[in-house]
Amino acid sequence: MQRLSGLDASFLYLETAAQPLHVCSILELDTATMPGGYTFDRLRDELAMRVKAMPEFREKLADSRLNLDHPVWVEDPDFDVQRHLHRIGLPPPGGRAELSEICGHIASLPLDRSRPLWEMWVIENVAGTDAHSGGRLALLTKVHHAAVDGVTGANLMSTLCTTEPDAPPPDPVDGPGRATELEIAINGALRFVTRPLKLMNVLPSTVSTVVDTARRATKGLTMAAPFAAPKTPFNANVTGHRNISFAEMDLADIKTVKDRFGVKVNDVVMALVAGVLRRYLLDRDELPESSLVAMIPVSVHDKSDRPGRNQVSGMFSSLHTNIADPVERLKAIAEANSVAKQHSSAIGATLLQDWTQFAAPAVFGAAMRVYASSRLSGARPVHNLVVSNVPGPQGQLFMLGCQVKAMYPLGPIFHGSGLNMTVMSLSGNLDVGIVSCPELVPDLWDMADGFDVA
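In this text the structure is predicted, and so the values were computed from the model without any measurement.

Engineer: So what exactly am I meant to see when it comes to unusual backbone geometry here?
Structural biologist: Among all residues except glycine, the phi angle is most often negative; among peptide bonds, the trans geometry is most common. Residue Pro93 follows Pro92 across a cis peptide bond; omega there is 0°. Structurally, Pro93 is set in the loop between β5 (85–89) and α3 (96–107). Its identity as a non-glycine residue notwithstanding, Asn125 has a phi of 65°, on the positive side. Secondary-structure assignment places Asn125 in the loop between β6 (118–124) and β7 (136–144). Phi is positive for Asp285, close to 55°, though the residue is something other than glycine. Considering the arrangement of structural elements, one finds Asp285 in the loop between α8 (265–282) and β10 (293–299). Residue classification places Asp285 among the exposed residues on the basis of a relative accessible area of 75%.

If you want it as structure tokens, here you go:
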């Protein structure tokens, strides 16, 4: 068995019917490249072969009522890929509206915790084409956040994807094995009794971080502060419904802007997001006077020796949506990001992971209930939205033999932060996936269409 880290398990404890915590992606696939031609059965058989090299897709959660620590991953003895792969067809004309509507519905459905926490939906009749005759498919993938972060999710996708349409499957990889409830409980008790010692190791780095942040604050060298974000329509409690939109841009255009102003690609991405949000809120007379604040997940896989699938920290960044001129806004964002990165780097890479390791399930649940009730009483949001920028491969990519034309990543949303924009560079394009709640942002395509303008 493999024990979930506190950060992994937090996504289980914080999940509710209104707040499902899985991550999704929509892949647009060209079936013309599939060896032998596309059939659903052929695609399913190819997936079954590749999953043999992906123990993460064959593991399920296990726990014991006597367990004092977090749950564990164990091999699912009844694993069957057919329980995770589904097939559906779009109604005519099969355009982006129909695709986003069905994907939003699927994204709102929680995963079955009695099975491995993932599923795929093969969506046919995209753009009115016949996949069996070399047309288009869409593939929606859902994986629980307890099992993946951005980097581990990308690694799983790299096992499913290849650079050649007829590449052989990788060698099988053994899973974690099984465990009885007694084994889970005994191992959990041993880990529980060592928590005070681990806490003593975390306290010095926490104090150091607080002192360093206070020193930086006196010099104006800190990232944007949490709970300083202004209210917007998407900063309220979410419902269980999800809506989705997506956009695609030429990565060369992004790099042209980057080179012209001497900034980084991520600065341009943040400026695009800021421009989209500023225009969207201005058009509705809802733009706050102060700047919106984005939370940016930061991978610490290369800096952490802690166990667990999620190896992330977070950075708060001002979007400077209160600046009208796009060039001045870009420069301000680049400067703010530079300061935020320096501040983020000064914080221990494993601090978030270490503190979540000590919180029991009841603590996470209580914290979410308190925060949700504070949202109802009008508390300011921690941040306005989550913005994630994930680098992807730049060569041709094939998923189960089909050429990948686009990949739109879709992250989770939370109470108080009902908007997520995730960006992935892929094969010379920048693909943007946007997720919200229709009760908060009913016209999400207005945001997606704003990226070209921005």
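Read on for the rest.
Engineer: What exactly am I supposed to notice about the sheet that holds strand β15 (residues 419–426) here?
Structural biologist: Hydrogen bonds between backbone atoms are what pair the strands of a sheet, whose relative direction is either parallel or antiparallel. The mixed open sheet is built from 6 strands, whose spatial order is β9-β16-β15-β12-β10-β11. In this open sheet, the two edge strands, each paired with only one partner strand, are β9 (243–250) and β11 (312–318). Ignoring strand direction, the axes of neighbouring strands in this sheet form an average angle of 20°. In this sheet, strand β16 (residues 429–436) lies alongside β9 in antiparallel orientation, the contact comprising 8 bridges. Paired with Glu248 across the two strands is Asp431, which belongs to β16. Packing of α8 onto the sheet brings it into contact with β9, β10, β11, β12 (385–391), β15 and β16, and relative to β12 it is tilted by some 145°.

Engineer: Teacher, can you tell me more about empty space enclosed by the protein here?
Structural biologist: The method is simple in principle: a probe with the dimensions of a water molecule rolls over the atoms, and the space it marks as empty is what remains. Across all of its chains, the model carries 3 cavities of 30 Å³ or more by this definition. Counted as a void, the largest cavity has a volume near 80 Å³. As for the largest cavity, its lining consists of Pro20, His22, Cys24, Ala107, Arg242, Ile244, Leu410, Gly411, Pro412, Ile413 and Val435. Of the residues assigned to the lining of the largest cavity, the class counts are 8 nonpolar, 2 polar and 1 charged.

What counts as what
Residues numbered from 1 in each chain as written. Predicted model: local features only at pLDDT ≥ 70, side-chain atom pairs only at ≥ 80, totals over all residues. Heavy atoms only, no water. Helix = DSSP H or I, 4+ residues; strand = E, 2+ residues; numbered from the N terminus. Buried < 20%, exposed > 50% of the residue type's maximum accessible area, 1.4 Å probe, protein only. Pairing = 2+ DSSP bridges. Axes fitted to C-alpha atoms, helices over the stretch in contact; angles between N-to-C directions. Contact = heavy atoms within 4.5 Å. 1 Å grid on protein atoms, 1.4 Å probe; cavity = no way out; pocket = protein on both sides within 12 Å on 5 of 7 lines; lining within 4 Å. Points joined across faces, edges and corners; volume = space filled by probe spheres on them. Nonpolar A, V, L, I, M, F, W, Y, C, P; charged D, E, K, R; others polar.

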